[in-house]
Amino acid sequence: MDQSAIDALRSAPIAPQSMWIGGQQVAAHDGGTFDAISPIDGQVLTQVPAGSAEDMQAAVRSARASFESGRWSNMAPAARKRIMHRIADLIEQHALELAVLGVRDNGTEISMAIKAEPGSAAATFRFYAECVDKVMGDIAPTDPSVLGLVHREAVGVVGAIVPWNFPLMIGAWKIAPALAMGNSVVLKPAEVASLSLLRLTELCHEAGLPEGVLNVVTGKGSIVGSALAHDMDVDVLTFTGSGPTGRRLLEASAASNMKPCYLELGGKSPNIIFADAPDLDKAVAVSAAAIFRNSGQVCVAGSRLLVQASIYDEVVEKLSQQASTMKVGDPLDMTTQAGAVSSDVQLAQNLAHVEAALSDGARLATGGQRLLQETGGYYMQPTVFSDVTGDMKLAQEEVFGPVLGVIRFEDEAEAVRLANATIYGLAAGVWTSDLGRAHRMVKAVKAGVVHVNTYGGPDITVPLSGHKQSGNGSDKSIYALEKFSKLKTAWIQL
Ligand code: ADP
């Protein structure tokens, strides 16, 4: 990646945005807009339509009409696959543009965004493009007098609500498998990060996706998100975001057509370092990255560090050293290790968590302050608290910021007990050179993904599934297709 290419894009004007309904770029029907604010400097980037419930209903109608028309759902699989590969090609061709646009909108450091956003979105479209003509139905082993065929059908209209931390990556996790199964989609981006998804939608149309198959309505979650969740004509809802919003979506489903509602919610993921970790310096460096990259705004962030007592002080010291020397700042500088916090609201929440940890009796080892206020942007020091105990707020509640609590444990049994002592079960990490212990921990820790001697990096081939209150269903991998297809049996007397 070339810094001068990034710099050439960093101040490019961004035209006022439009939503996508029925293959057309449209304004909100009442003309409402809101400002997209850059967390880099607090300045207005452009205007985005503030959609209404009526706009959402129009988008769902358009998705339904496209689905019933068969222009995508009944397109020959080879042709559907070609379009999805073409989308991946266009994402790759526009990777830097998409990454910079997204970073200006949400503040992720570009070194991470380039891989995690266009890089993974393209890989996701390719993976599901290949599923289009490879995922089959079944013939059941019935009595020879009948033929039992199990068809796998599209569900129809998929509603997708996505967050602001990795809009392209998470958006692609929802859109690509839904399209691969032949569905039509209505997407609701997060208010604070709509821009890269609107550009992706433009590229999808350029690639030949028929009109009305991917519709995007921007605006407030409580208005357009809620309208999507309550719509009687949405067949499946897929969501990544916070627990309270997930709960509202389940209520909306119950109050409307009982649509299946797949949730990927928060985490308080335990990252567990045993004294027999193979390389302690590596464990500390990766553990720091696991909480501080993207300023901690990662659903699988290793936000609770559990450290065995005999190495506790050493780890806290090394970690504090790492945290205090990380380069925080301009997310469009390739050497930056942690960019901006996505919004002033999120920054205020992070600082409130610091106050709460102090009043709960945790010891501030490093960080805890806002940074670079003179830029007008929202930056925060990587923050480490030691002497954290399992009952503290910092050990129980998701911060979604660069704030790490370090907890001490004596033995494997205590590590397991502490690891599982939250409402969440999204991710975990285990550092040990004992293979038996690694396998025991993978089994004992309640989480959708357990990393061993690493943290982060699982690719599109494997699922991400929330356990406990971290969600249900799976994003990524072949398993995600289950959410977007339904089974139908044909029972034929021969
Ligand atoms: P966060 O607190 O991380 O912003 P949210 O769960 O509030 O997480 O947001 C994730 C997504 O959910 C965003 O697209 C947001 O607009 C949407 N959202 C927020 N509130 C609602 C709601 N009441 N109904 C539907 N969607 C919502």
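This write-up is about the structure you can find in this document. Computed from a predicted structure; not experimentally measured.

Reading the values: the criteria
- Residues numbered from 1 in each chain as written.
- Predicted model: local features only at pLDDT ≥ 70, side-chain atom pairs only at ≥ 80, totals over all residues.
- Heavy atoms only, no water.
- Salt bridge = Lys/Arg side-chain N within 4 Å of Asp/Glu carboxyl O.
- Helix = DSSP H or I, 4+ residues; strand = E, 2+ residues; numbered from the N terminus.
- Buried < 20%, exposed > 50% of the residue type's maximum accessible area, 1.4 Å probe, protein only.
- Pairing = 2+ DSSP bridges.
- Near = heavy atom within 4 Å.
- Polar contact = N/O pair within 3.5 Å; in protein donor to acceptor, adjacent residues only side chain to side chain.
- Areas by Shrake-Rupley, 256 points an atom, 1.4 Å probe, with all protein chains shown as cover.
- Nonpolar A, V, L, I, M, F, W, Y, C, P; charged D, E, K, R; others polar.
- Expected span 1.5 Å × (residues − 1).
- Contact = heavy atoms within 4.5 Å.
- Phe/Tyr/Trp six-rings, centres within 6.5 Å; stacked < 30°, edge-to-face > 60°.
- Axes fitted to C-alpha atoms, helices over the stretch in contact; angles between N-to-C directions.
- Parallel < 35°, antiparallel > 145°, perpendicular 65-115°, else oblique.

**Here's the deal with the pattern of salt bridges**
Working step 1: Under the definition given, this model contains 27 salt bridges.
Working step 2: The residue D330 makes a salt bridge to R10 at a minimum N-O spacing of 2.9 Å. Separated by 320 residues along the polypeptide, D330 in the loop between α11 (312-325) and α12 (344-359) and R10 in the loop between α1 (3-9) and β1 (19-21) bring together distant segments of the chain.
Working step 3: Judged by relative accessible area, D330 falls into the partly exposed class, the value being 27%.
Working step 4: In this structure, E109 and R293 form a salt bridge, with 3.1 Å as the shortest nitrogen-oxygen distance. You can see E109 sitting in the loop between α4 (95-106) and α5 (110-132) and its partner R293 sitting in the loop between α10 (280-292) and β13 (304-308), a full 184 residues away along the chain.

**Things to note about the sheet that holds strand β25 (residues 485-493)**
Working step 1: Taken together, the three strands give an open sheet; going across it, the order is β5-β6-β25, and neighbouring strands pair in antiparallel fashion. Each edge of the open sheet is held by one strand with a lone partner, namely β5 (138-139) and β25.
Working step 2: Here strand β6 (residues 146-154) runs beside β25; their pairing, made up of nine bridges, is antiparallel. Residue R152 lies in a different strand from β25, and its bridge partner there is L487.

**Some thoughts on the site of the ligand**
Working step 1: Around the ligand, a shell composed of 18 residues is seen, among which V162, K188, E191, S242 and T245 lie nearest.
Working step 2: One of the backbone N or O atoms of V162 is found 2.8 Å from an oxygen atom in the ligand.
Working step 3: Here a nitrogen atom of the ligand sits 3.3 Å away from a polar atom, N or O, in the main chain of G221.
Working step 4: About the coverage of the ligand: the protein hides 79% of its 550 Å² of free accessible area.
Working step 5: Contributions of two or more residues to the shell around the ligand are made by α8 (221-230), β10 (236-240) and α9 (243-255).
Working step 6: Counting residues per element, the shell around the ligand draws most heavily on α8, which supplies four residues.
Working step 7: Looking at side-chain class alone, the shell around the ligand contains seven nonpolar, eight polar and three charged residues.

**Quick look at the environment of E314**
Working step 1: Along the chain, E314 falls in helix α11.
Working step 2: Residue classification places E314 among the partly exposed residues on the basis of a relative accessible area of 40%.
Working step 3: Remark: the alpha-carbon pair of E314 and N472, spanning 158 residues in sequence, is separated by 38 Å.

**Things to note about α10**
Owing to its 3.6 residues per turn, the α-helix brings residues three or four apart onto one side.
Working step 1: Taking 1.5 Å per residue, 13 residues should reach 18 Å; α10 reaches 18 Å between its end C-alpha atoms and fits that length.
Working step 2: Its buried side turned inward, α10 meets β12 (270-273), β13, α11, β17 (383-388), β18 (403-409) and β20 (427-431).
Working step 3: Between the side-chain oxygen of the N-cap and the backbone nitrogen of D281 there are 3.2 Å, and the N-cap of α10 in question is D279.

**A few points about the packing of aromatic side chains**
Working step 1: Tallied over the entire structure, the rule returns three aromatic pairs.
Working step 2: Between W164 and F400, the ring centres sit 5.4 Å apart and the planes meet at 80°, which makes this aromatic pair edge-to-face. Residue W164 is located in the loop between β7 (157-161) and α6 (167-180), and its partner F400 is located in the loop between α13 (393-396) and β18; the two are separated by 236 residues in the primary sequence. The pair W164 / F400 is uniform in exposure class, with both members buried.
Working step 3: Aromatic pair F274 and F409: ring centres 5.2 Å apart, planes at 75°, arrangement edge-to-face.

**Thoughts on the packing of α5 against α6**
Working step 1: Where α5 contacts α6, the two axes come as close as 8 Å, and the packing angle between them is 10°. Classified by the angle between their axes, α5 and α6 sit roughly parallel to one another. Contacts between α5 and α6 involve A116, E117, P118, S120, A121, T124, F125, Y128 and V132 on the former and, on the latter, P167, L168, M169, A172, W173, I175, A176, P177, L179 and A180.
Working step 2: Here the contact of α5 with α6 is built from residues that sort into 16 nonpolar, two polar and one charged.

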